[in-house]
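A structural walkthrough
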Amino acid sequence: MIHWHLEADVVVLGSGGAALTAAIAAKDFGAEEVVILEKTNMVGGTTAMSGGMMWVPCNHHQAEAGVEDSWEDVVTYLDSLAPDQLDPEQLEGFLTGGPEMVKFLDEKTPVKLRTLTGLPDYQPDFPGGAIEGGRSLDNDVFPFVELGNWATRVIPPKLGPPRPTSYHEDMNLGGISDEEREARKQTDSRGRGQALVGALLRGVLDRDIAIHFEHRAMKLHKEGERIIGVTVETASGEQHVKARKGVVIATGGFEWNKELVQTFLRGPMTGPVSVPENEGDGLLMAMDIGAKLGNMSNAFWMPSALEWQVQHRDAKPNYMLCQHERTLPGSIMVNRAGKRFADEAANYNALGMALHVFDANTHNYVNLPYFLIFDQRYRSRYNAFGFKPEDDLSDMFTVADSLESLAADLGVDPDGLVQSVDRFNKHVDESHDPDFNRGSNTYDNYWGDKSFEPPMSTLGRLDQPPYYGVKMEAGVLGTNGGPKTNAYAQVLNWQNQPIKGLYAAGNVMAAPLAMIYGGGGGTLGPALTFGYLAGKHAASGT
Ligand SMILES: Cc1cc2nc3c(=O)[nH]c(=O)nc-3n(C[C@H](O)[C@H](O)[C@H](O)COP(=O)(O)OP(=O)(O)OC[C@H]3O[C@@H](n4cnc5c(N)ncnc54)[C@H](O)[C@@H]3O)c2cc1C
């Protein structure tokens, strides 16, 4: 007989975007008591450090902004990216639940979303792709003063102070005025993932949903065919929490668990950019009770680099994602042969897959390790990994007066690097990259230098010494394989039957879009959708 220390209708594990949405939906759809159990002493998980963007096709903001979209186009796009790989039921859950979730958050919570016009889908030229964007949603800023003391419980961004602006303001309006900036300081207004988590947290607090910190969920309890609760590790020992209606696992991916990474991922993964608490606890619990698994070898891939200054909460190595650094003109990426191997400005998820090319003869991953290379012109113009042009650089950067010595210092073939740079420069002069088509689509140019016309917003010569190099990692935003669900976010068993009372949402689950990263917000769109679906269904207690 289990002694229950705590009881609720719906018990949500984790406090990232998927979890907070699940908790709010559960409450609003009729669960009287909802609790959140969080492993750390902070709210928000990786979601709080993120850009907060969500990819949700056919949402109502698109229509308001006059951007046309249709299921037909979306399905054509997804099918062209991963033929025969999508589970029709999960896909339907995403396509119907996504717009419903956006409406729900807009109407019932302080979350304020808008279409980020101009940001194209990540493979914009594929059939059905949104070339001029519209499917990615951005958060308006949220004033953290509205959180009172809770403001300090939200995980801060990875680099620098929270931004007081939204993507829309930065990318489409050219920023905000000094007066507005000052006004936002007074209200501690924050954009991006901080806005999303801040607003969701406000929604949670408004509903009196309790958050229990330093409660690490470790084991699910089953009675007959139904999940009835969970055991958690706390500072005062093991505790058992009863779930009268359902348990929602929203504990993020398994990227910080070396054994699970080696067991499941299809190639090396050396630089996760998520919170280090995402150690696969949810996956282990789900496997333990016989959940069906899916998408286990995939992840949301992301080129990353080891942070120059160890300042992480628990001093684990901290990896930073690499986005504009590899897109801005004057940089390339090369492997140890000194060769370019991909369109550096391509979307991170697709680029991450290029890192797993294997040479059967040398028995080596051809593109690992790999390096970001740029010259002094680039350095004088742009920030890189948080360093402004005027800042002293850290040991993260290797600097040399010539390409040959840079290559030698990095362990790269010098002849290969010199040849690659010569060839690239020649193609820059012709405004065309025939090797990898860098700059040939709207996405490539989006994160480039907008003071140049495409494709020169991403194509630029490397010819001004000194030269700079950074060793790069095969990183992930998070893994995205795990328990398989149906369209209601119910976890399935290997007989494809729902395990009653058990739900999964976010990076812990088998991603509904499998290997696809549709566009900006490709992880949070599905994560919050399935969080919403999970909370809604769990509240019904069926
Ligand atoms: C800098 C950066 C920018 C990004 N920008 C975007 C973006 O704009 N759009 C986008 O779609 N994606 C973005 N991502 C990726 C995105 O943040 C993640 O994929 C997403 O937040 C995952 O959400 P989640 O709810 O599944 O997990 P998380 O937000 O990571 O939350 C998981 C939570 O579970 C907790 N937990 C773990 N184990 C347990 C346990 N055993 N018991 C209880 N709690 C547990 C963790 O502590 C954590 O709080 C970005 C990531 C980074 C780092």
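Residues numbered from 1 in each chain as written. Predicted model: local features only at pLDDT ≥ 70, side-chain atom pairs only at ≥ 80, totals over all residues. Heavy atoms only, no water.

1. Comments concerning the overall build of the protein chain
- Of the regular secondary structure elements, the protein chain holds 16 helices and 24 strands.
- Relative to the 2.2 N^0.38 estimate, which gives 24 Å for 542 residues, the radius of gyration of the protein chain is 23 Å and therefore close to what a compact globule would have.
- Principal axes of the C-alpha set define a box for the protein chain whose edges measure 70 × 60 × 50 Å.
- Relative to its 542 residues, the protein chain shows a buried fraction of 60%.
- Within the protein chain, contacts between residues at least 6 apart in sequence are counted, and of these 76% link residues at least 24 apart.
- Summed over its atoms, the accessible surface of the protein chain is roughly 20800 Å², and 49% of this surface lies on carbon and sulfur atoms.
- Charge-centre separation for the protein chain: the mean point of 46 positive side chains lies 4 Å from the mean point of 71 negative side chains. (Helix = DSSP H or I, 4+ residues; strand = E, 2+ residues; numbered from the N terminus. Rg over C-alpha atoms; globule rule 2.2 N^0.38 Å. Buried < 20%, exposed > 50% of the residue type's maximum accessible area, 1.4 Å probe, protein only. Contact = heavy atoms within 4.5 Å. Areas by Shrake-Rupley, 256 points an atom, 1.4 Å probe, with all protein chains shown as cover. Lys, Arg positive; Asp, Glu negative; His and termini not counted. Charge placed at Lys NZ, Arg CZ, Asp CG, Glu CD.)

2. Considering the domain arrangement of the protein chain
- Partitioning the protein chain into domains gives domain 1 (6–197 + 480–540) and domain 2 (311–476).
- Placing a centre on the C-alpha atoms of domain 1 and another on those of domain 2 gives a separation of 30 Å.
- Contacts between the two partners involve 20 residues from domain 1 and, on the opposite side, 19 residues from domain 2.
- Of the roughly 1600 Å² buried where domain 1 meets domain 2, counting both sides, 61% is carbon and sulfur surface. (Domains from an automatic or database assignment. Buried area = accessible area lost by both parts, 1.4 Å probe.)

3. What to know about the site of the ligand
- Near the ligand there are 37 residues, and of these Glu38, Thr46, Thr47, Thr523 and Leu524 occur at the shortest range.
- Backbone polar atom of Met53 to a nitrogen atom of the ligand: 2.9 Å apart, as the coordinates give it.
- Here Asp281 contributes a side-chain N or O atom positioned 2.8 Å from a nitrogen atom of the ligand.
- Bound to the protein, the ligand loses 95% of the 1000 Å² it would expose on its own.
- At the level of secondary structure, the elements contributing two or more residues to the shell around the ligand comprise helix H1 (17–28), helix H2 (45–49) and strand E9 (216–223).
- At 4 residues, H2 tops the list of elements feeding residues into the shell around the ligand.
- Among the residues forming the shell around the ligand, the class breakdown is 11 nonpolar, 21 polar and 5 charged. (Near = heavy atom within 4 Å. Polar contact = N/O pair within 3.5 Å; in protein donor to acceptor, adjacent residues only side chain to side chain. Nonpolar A, V, L, I, M, F, W, Y, C, P; charged D, E, K, R; others polar.)

4. What to know about the pattern of salt bridges
- Following the criterion strictly, the structure yields 30 salt bridges and no others.
- Among the ionic pairs, Arg207 bridges to Asp28, the shortest N-O distance being 2.6 Å. One end of the pair, Arg207, is in the loop between helix H8 (192–206) and strand E8 (210–212); the other, Asp28, is in helix H1, with 179 residues separating them in the sequence.
- A relative accessible area of 13% places Arg207 in the buried class.
- A salt bridge links Asp281 to Arg216; the shortest N-O distance between them is 2.8 Å. Pair noted here: Asp281 is in helix H10 (residues 281–288) and Arg216 is in strand E9, with a separation of 65 residues, a long-range link.
- Residue Asp281 is classed as buried on the basis of its relative accessible area of 11%.
- Overall, the relative accessible area of 23% leaves Arg216 in the partly exposed class.
- Via salt bridges that share partners, Asp375, Arg377, Asp429, Arg461 and Asp463 belong to a single interconnected network. (Salt bridge = Lys/Arg side-chain N within 4 Å of Asp/Glu carboxyl O.)

5. Digging into the sheet that holds strand E5 (residues 133–139)
- Overall, antiparallel pairing links the 3 strands, which are arranged E3-E5-E4 in an open sheet. At either margin of the open sheet sits one strand with a lone partner, and together these are strand E3 (54–55) and strand E4 (113–117).
- Relative to E5, E3 runs antiparallel, the two sharing 2 bridges. When the sheet's bridge partners are listed, Trp55 is paired in E5 with Ser136. (Pairing = 2+ DSSP bridges.)

6. A word on the packing of aromatic side chains
- Counted by the stated rule, this structure contains 23 aromatic pairs.
- Plain terms: the ring middles of Trp55 and Tyr77 are 6.1 Å apart, the flat faces sit at 50 degrees to each other, and that makes the pair tilted. Here Trp55, found in strand E3, pairs with Tyr77, found in helix H4 (residues 71–81); they are 22 residues apart in sequence, far enough to count as distant.
- For Trp55, a relative accessible area of 0% gives the class buried.
- Members of the aromatic cluster, each reached through a chain of ring pairs, are Phe374, Tyr378, Tyr382, Phe385, Phe387, Phe397 and Tyr468.
- When the ring centre of Tyr167 is taken as reference, the NZ or CZ atom of Arg192 above it lies at 4.1 Å. (Phe/Tyr/Trp six-rings, centres within 6.5 Å; stacked < 30°, edge-to-face > 60°. Lys NZ or Arg CZ within 6 Å of the ring centre and 35° of its normal.)

7. Description of empty space enclosed by the protein
- Overall, the coordinates contain 1 cavity of 30 Å³ or more when judged by the stated rule.
- Put simply, the largest cavity is a space of about 100 Å³.
- Residue composition of the lining of the largest cavity, by class: 8 nonpolar, 5 polar and no charged. (1 Å grid on protein atoms, 1.4 Å probe; cavity = no way out; pocket = protein on both sides within 12 Å on 5 of 7 lines; lining within 4 Å. Points joined across faces, edges and corners; volume = space filled by probe spheres on them.)

8. A few points about the packing of H1 against helix H5 (residues 88–108)
- H5 packs onto H1 with a crossing angle of 75 degrees between their chain directions and a minimal axis gap of 12 Å. Relative to H5, the element H1 lies roughly perpendicular. Taken together, the residues of H5 that come into contact with H1 (itself represented by Thr21, Ile24, Ala25 and Asp28) are Phe104, Leu105 and Lys108.
- When grouped by side-chain class, the residues that make up the contact of H1 with H5 number 4 nonpolar, 1 polar and 2 charged. (Axes fitted to C-alpha atoms, helices over the stretch in contact; angles between N-to-C directions. Parallel < 35°, antiparallel > 145°, perpendicular 65-115°, else oblique.)

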